[in-house]
Amino acid sequence: MAKLWEGRFSGSQNADADAFNRSIAFDSRMYAQDIEGSIAHASMLGSQGIIPQQDASDIVSALQGILSDLDSGKLEIDPQAEDIHSFVENELVARLGRRAKSLHTARSRNDQVALDFRLFAKQAMTDVQNLLEDLLKAIVAKARTCTDALMPGYTHLQRAQPVTYAHWLLAYACMFERDMTRVQSALKAADVCPLGSGALAGTTFPIDRQETAFALGFGSVCSNSMDGVSDRDFAADALYALSMIQTHLSRMSEEIILQCSWEFGFVTLDDGFCTGSSIMPQKKNPDIAELVRGKTGRVNGNLIGLLTVLKGLPLAYNKDMQEDKEGLFDSFDTVSTSLKLFAPMIETMTLNKEAMRQAAQRGFINATDCADALAKKGVPFREAYNITGNLVRWAIGHGKTLETMTLDEYRQFSDLFDESIFDAVNLDNCLNRRTSAGGPSQQSVQAQLQAWQQKGY
Ligand code: ARG
């Protein structure tokens, strides 16, 4: 296929260099954005009298034809084209002849590709926002079913203090809610129109940048043409937002993988999200959660990849920037697929509340409450803490728990202990007296759920 720039050249391109230079294999994904941008540009050229109005409207119709033929599969992308911009322009010239050649007046592929990529990023961030909403709905709905599901909360993966499965789920809801704000801010960063920046130094033609920006749905136009063609911050912002989402999904995956093991047995994943083993007939493996965890590597890699591409680039456009797209495409695809799988995986998993409660009964997760009970009787907390530490050591040695020790056994450690200690170390009391705002008691979790409901979840 003819090169857009061949006029300057007498020799032909080295075949390997040609292949190396080509981006059509991946930027063809932006054909709709490219054509949409060209339609806005052509209309503006017409309305500004830069090209004849008739030519502008013929170019627009031909571009619309190319778009619908690509959508329907009637027209196929030529894999030998240099990039999507060359492909669309060549196709336009093939359909419309010489008049099509005025489309590129007052434009460069540099502002064109920046535009296409921003349009892509805006759509991608909007899609991810919707998927995050679906996941939040699934998490909050599940939490409503288990505010009574007492389980141990962990630190260092050691049983620590009582929480509920609902409280645990809502902790992840908080993470995904923060992700939403990062996605929105990446969307805002992408919402600036670079069209009209030209190659790097604007144009001598009387273009109307507001008109194209408005037609394409942008909130504003970039204020410096050199920045306009070389700014990829919006892509880095999007990649960071996507990395944080995948990181949160990965942490949640890790916990679900533990929770569905025989060791924990807190949840059972639906068969639809598991696979078996080729040799061990008993196996049901949480592959989807594991893959989501594993794919965090590539998503984080894409972020570092782009930052590294950008770090030494002089202004303005450099071909290095062609390396900006695949990472974002990949992170967007990976995170979207992970989000799409996660919502139904959470929805369909069954909770084993009995196993959670049994785990809560081992591990002295009420030890803080025992120390608190002494502290409430006037013992300074640090002293109460030490007394309880000795008491727990004794209980472990004698195969007892704080619930099964007798009052006499308690009184070996402090004569301030009385019958009320059994009420203090009762697990349900330990949970439900944690009524501090944001705490795990059923009352506090109901308040969290109410707040989620007010936000539409
Ligand atoms: N394929 C290029 C990219 O993705 C398009 C811009 C080409 N501009 C240039 N001056 N060669 O960045």
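Before going into details, it helps to say that this report is about the structure given with it. Residues take numbers from 1 onward in each chain, read along the sequence in its written order. Note on the predicted model: pLDDT of at least 70 is required for a residue's local features to be given, and 80 or more for side-chain atom pairs to be given and counted; whole-chain, interface and lining totals, by contrast, use all residues. Side-chain numbers here rest on the full set of heavy atoms in the structure, without hydrogens or water.

Here's the deal with the site of the ligand
By convention in this text, a residue qualifies as near a molecule or strand provided that one of its non-hydrogen atoms is within 4 Å of it. The ligand sits among Ser23, Asp27, Asp83, His85, Arg109, Asn110, Val113, Tyr317, Gln322 and Lys325. Polar contacts here mean pairs of N or O atoms no more than 3.5 Å apart (in protein, one a potential hydrogen donor and the other a potential acceptor; neighbouring residues in sequence count only if both atoms are side-chain atoms). Within the side chain of Ser23, one N or O atom sits 3.1 Å away from a nitrogen atom of the ligand. Accessible surface area values rest on a Shrake-Rupley calculation with a 1.4 Å probe, where residue burial reflects the displayed protein chains alone. In isolation the ligand has 350 Å² of accessible area, and contact with the protein removes 86% of it. Nonpolar residues are Ala, Val, Leu, Ile, Met, Phe, Trp, Tyr, Cys and Pro. Charged residues are Asp, Glu, Lys and Arg, and all others, Gly as well, are polar. Class assignment for the residues of the shell around the ligand results in two nonpolar, four polar and four charged.

Quick word on unusual backbone geometry
In this structure, Ala316 follows Leu315 across a cis peptide bond, with omega equal to 5 degrees. Summarising the element assignment, Ala316 is placed in the loop between helix 11 (287-310) and helix 12 (325-348). Backbone geometry at Leu157 places phi at a positive 60 degrees, although glycine is not the residue there. Structurally, Leu157 can be placed in the loop between strand 1 (150-155) and strand 2 (158-164). Of note in the backbone geometry, Phe364 takes a positive phi value of approximately 55 degrees without being a glycine. Runs of E in the DSSP output that reach at least two residues are strands. Runs of H or I that reach at least four are helices, and both are numbered from the N terminus. Position of Phe364 relative to the elements: it lies in the loop between helix 13 (353-360) and helix 14 (367-376).

Here's the deal with empty space enclosed by the protein
Using protein atoms alone on a 1 Å grid, points that fit a 1.4 Å probe yet trap it form a cavity, whereas open point sets bounded by protein on both sides within 12 Å along at least five of seven lines form a pocket; residues with an atom within 4 Å of a point count as lining. Grid points are joined across faces, edges and corners, and a volume is the space filled by probe spheres set on the points. This structure, assessed with the given rule, holds two cavities of 30 Å³ or more. Of the volumes computed, that of the largest cavity is approximately 70 Å³. In terms of lining residues, the largest cavity is bounded by Met151, Tyr154, Leu157, Trp168, Glu255, Leu258, Gln259, Phe264 and Phe266. At the level of secondary structure, the elements contributing two or more residues to the lining of the largest cavity comprise strand 1 and helix 10 (233-259). With three residues, the single largest contributor to the lining of the largest cavity is helix 10. Here the lining of the largest cavity is composed, by residue class, of seven nonpolar, one polar and one charged. Of the voids in this model, the second largest cavity is the one considered here, and its volume is about 40 Å³. Residue lining of the second largest cavity: Ala360, Gln361, Gly363, Phe364, Ile365, Asn366, Thr401, Leu402, Glu403 and Leu427, and that is the complete set. Split into classes, the residues belonging to the lining of the second largest cavity amount to five nonpolar, four polar and one charged.

Some points on the pattern of salt bridges
Throughout this description, the term salt bridge denotes a Lys or Arg side-chain nitrogen within 4 Å of a carboxyl oxygen of Asp or Glu. Going through the model one piece at a time under the given rule, you end up with 26 salt bridges. Its salt-bridge partner being Asp330, residue Arg298 comes within 2.7 Å of it at the nearest N-O pair. Linking Arg298 in helix 11 with Asp330 in helix 12, this pair joins segments that are 32 residues apart in sequence. Taken together, the salt bridges that share partners define one network made up of Asp69, Lys74, Glu91 and Arg95.

Points about the packing of aromatic side chains
Only Phe, Tyr and Trp rings take part, Trp by its six-membered ring, and two of them pair if their centres are within 6.5 Å. Stacked means planes under 30 degrees apart, edge-to-face means over 60, and tilted covers everything else. Taken as a whole, this structure holds 14 aromatic pairs when the rule is applied. Judged by centre distance (6.2 Å) and plane angle (70 degrees), the ring pair of Trp394 and Phe413 falls under edge-to-face. Linking Trp394 in helix 15 (residues 381-397) with Phe413 in the loop between helix 16 (407-411) and helix 17 (420-424), this pair joins segments that are 19 residues apart in sequence. A relative accessible area of 18% places Trp394 in the buried class. Throughout, exposure labels follow a simple rule: accessible area from a 1.4 Å probe, protein chains only, divided by the maximum for the residue type, with under 20% read as buried, over 50% as exposed, and the rest as partly exposed.

Focus on the packing of helix 7 (residues 165-190) against helix 19 (residues 442-454)
For helices, the fitted axis covers only the stretch in contact; all axes are lines through C-alpha atoms, and the angles between them, taken along N-to-C directions, range from 0 to 180 degrees. Put simply, helix 7 and helix 19 touch, their axes get as near as 11 Å, and they point 35 degrees apart. When you trace helix 7 past helix 19, the crossing you get is left-handed. Here Ala166, His167, Leu170, Ala173, Cys174 and Glu177 of helix 7 come into contact with helix 19, specifically with Val445, Gln448, Leu449 and Trp452. Residue composition of the contact of helix 7 with helix 19, grouped by class: seven nonpolar, two polar and one charged. Take the far helix as your reference; a near helix turned counterclockwise from it by less than a right angle gives a left-handed crossing, and one turned clockwise gives a right-handed crossing. In this analysis, two residues are considered to be in contact whenever any of their non-hydrogen atoms come within 4.5 Å of each other.

Any link to function would need more than the numbers given here.
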